[in-house]
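For reference, the chains in residue letters:
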Amino acid sequence: MKKTVHILTLVCALFLMSCSAAFAAPQQETPRPTLSVDGQGTGTAAPDMATVTIGVTTQGKDAAKAQNDNAWVSNQIQAAVRGLGIEEKDIQTRNYSFYPNYSTDKDHRNEVTGYTVNNSVIVVVRDIKLTGKVIDAALSNGANEINSLDFSANDTKAVRKVALLNAIQDARDKADIIAKGLGKRIVGIQNVSESTGYIETRRFGGNMLMAVAKDAATPIAPGSLSLTANVHIDFILSD
């Protein structure tokens, strides 16, 4: 009899435990609907630095003379640029090349008629107002090419912040319109991701610069630089 009572007690205890566990188990909530939206924003900045690529090409029948002439012109240009206040560390020589010229006459195709030397001088202009003067000084001292001019900005944090805020606002505006059209409202955010590029430099090509440089009274306008940010936001909608 005692054994039967113990068994019944154990069964009742197990039953009560299973009932308690069932009631204690949390009810799984139905996932709320979400709305995925992409937003894009742009920030702009005034450039505060310029990089000028100056080309010097010399030719001569004698190899040594062609090289010496090129070196002399390059030194004259660098001296003139330094005279404008450009520091030595912001003047660099790059892309130096030297090669022989061959006759185009079919009877003398392998005959060397002279030599060509190309040299590029890179000048970083940290006072952007001096950009036009640097180009004028280079051309006045023997440069025969202005290969490129790039305007850039040192500090891009503020521009990046503006671009991101504009991208977020763009995404929210789209989400509000869509949610309203669906008869719902935004009650939260489930997930956010972003992709921000780099601020774009503004480049002038060599032909454009040479045309502008012919008129000393024509300033080179740096314009503005831009940066684009993209965001992806999953908004939570009301039921």
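Residues numbered from 1 in each chain as written. Predicted model: local features only at pLDDT ≥ 70, side-chain atom pairs only at ≥ 80, totals over all residues. Heavy atoms only, no water.

Peer 1: I'd like a rundown of the confidence of the model for the chain, residues and numbers included.
Peer 2: Here the chain averages 84 in pLDDT, while 82% of its residues score no lower than 70. Of all helices and strands in the chain, the one with the weakest mean pLDDT is helix α1 (residues 2-24) (49), whereas helix α4 (residues 157-181) scores best (95). Note on residues 1-5: pLDDT is under 50 here. Beyond four places in sequence and across chains, it has zero contacts. (pLDDT = per-residue confidence, 0-100. Helix = DSSP H or I, 4+ residues; strand = E, 2+ residues; numbered from the N terminus. Contact = heavy atoms within 4.5 Å.)

Peer 1: Mind laying out the nonpolar core, listing which residues take part and the relevant values?
Peer 2: Here is a general trend for soluble globular proteins: nonpolar side chains tend to be buried in one another's company. In terms of nonpolar packing, the biggest core is built from 21 residues, with I54, I77, I86, V123 and V125 touching the most fellow members. The set of elements that each furnish at least two residues to this core consists of β2 (49-60), α2 (63-82), β4 (112-125), α3 (131-140) and β5 (145-152). With four residues, β2 is the largest single contributor of residues to this core. Ignoring any residue separated from it by four or fewer positions in sequence, one finds I54 in contact with I77, N119, S120, V121, V123, A138, A143, E145, I146 and N147. (Core = buried A, V, L, I, M, F, W, Y, C linked by side-chain atoms within 4.5 Å. Buried < 20%, exposed > 50% of the residue type's maximum accessible area, 1.4 Å probe, protein only.)

Peer 1: I'd like a rundown of the sheet that holds strand β6 (residues 186-196), residues and numbers included.
Peer 2: Hydrogen bonds between backbone groups are what pair the strands of a sheet, and the pairing can be parallel or antiparallel. Pairing is antiparallel across the open sheet formed by three strands, whose spatial order is β1-β8-β6. Only two strands of the sheet have a single partner each, and these edge strands are β1 (34-45) and β6. Here the strands of the sheet are splayed against their neighbours by 25 degrees on average, with no regard to which way each runs. Judged from the nine bridges that link them, β6 and strand β8 (residues 225-237) form a sheet pairing that is antiparallel. Each residue of the ladder has a partner; that of E194, found in β8, is V231. Relative to the sheet, α4 contacts β1, β6 and β8, its axis offset from that of β1 by approximately 145 degrees. (Pairing = 2+ DSSP bridges. Axes fitted to C-alpha atoms, helices over the stretch in contact; angles between N-to-C directions.)

Peer 1: A description of unusual backbone geometry should follow, citing residues and the corresponding values.
Peer 2: In most cases, non-glycine residues show a negative phi, while peptide bonds are predominantly trans. In the Ramachandran plot, N95 falls in the positive-phi region, its phi being about 55 degrees despite a non-glycine side chain. Mapped onto the elements, N95 comes out in strand β3 (residues 91-102).

Peer 1: A description of the environment of I128 should follow, citing residues and the corresponding values.
Peer 2: Summarising the element assignment, I128 is placed in the loop between β4 and α3. Owing to a relative accessible area of 21%, I128 belongs among the partly exposed residues under this scheme. Placed 23 residues apart in sequence, I128 and F151 show a C-alpha to C-alpha distance of 8.6 Å.

Peer 1: Can you explain α2? Please cite residues and give values.
Peer 2: The end-to-end C-alpha separation of α2 is 29 Å, in line with the 28 Å expected for 20 residues at 1.5 Å each. Residues of α2 that are buried include every one of A66, N70, V73, S74, I77, Q78 and V81, and no others. Considered in projection along α2, the buried side chains sweep an arc of 135 degrees and stay on one side of the axis. In α2, those exposed residues whose orientation departs by more than 90 degrees from the buried face are N68 and W72. (Expected span 1.5 Å × (residues − 1). Arc of directions from axis to C-beta.)

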